Amino acid sequence: MSVLDNWEQWKDFLGDRLNQAQGEGMNQSVVSDVAYQVGEYLAQQVEPKNEQERVLAELWKVADEQEQHAIANMMVKLVQNEG
């Protein structure tokens, strides 16, 4: 079972990676850039596995680059607030 199959597992996975990155001294700007790159990769290469991912994929497709950065930053905030 992939972490992409379940929304809660996906958020937990992202939160764990975020905590690891911050623990290694990665600043918020770098975290933001990495989140954008992950979002871009997922949008281009990975088929959404659940409804939440489908919504994010559709939003990503219609967003311009600035809006995509905002989506990525919101995902970071989401997992930070739950962690």
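Residues numbered from 1 in each chain as written. Predicted model: local features only at pLDDT ≥ 70, side-chain atom pairs only at ≥ 80, totals over all residues. Heavy atoms only, no water.

Q: Can you help me understand the environment of glycine 15 in this one?
A: Inspection of the secondary structure assignment puts glycine 15 in helix α1 (residues 7–23). Here glycine 15 falls in the buried class, since its relative accessible area comes to 10%. Residues glycine 15 and lysine 77, spaced 62 residues apart in sequence, show a C-alpha to C-alpha distance of 9.6 Å. (Helix = DSSP H or I, 4+ residues; strand = E, 2+ residues; numbered from the N terminus. Buried < 20%, exposed > 50% of the residue type's maximum accessible area, 1.4 Å probe, protein only.)

Q: Hey, could you run me through a nonpolar patch on the surface in this one?
A: On the surface, Met26, Val30, Val34 and Val38 cluster together to form a nonpolar patch covering roughly 260 Å² of accessible area. With respect to the helices and strands, the residue valine 38 is situated in helix α2 (residues 28–45). With relative accessibility at 34%, the residue valine 38 sits in the partly exposed group. (Patch = residues over 30% accessible without salt bridge, like charges linked within 9 Å, V, L, I, M, F, W, Y side chains within 5 Å. Areas by Shrake-Rupley, 256 points an atom, 1.4 Å probe, with all protein chains shown as cover. Salt bridge = Lys/Arg side-chain N within 4 Å of Asp/Glu carboxyl O.)

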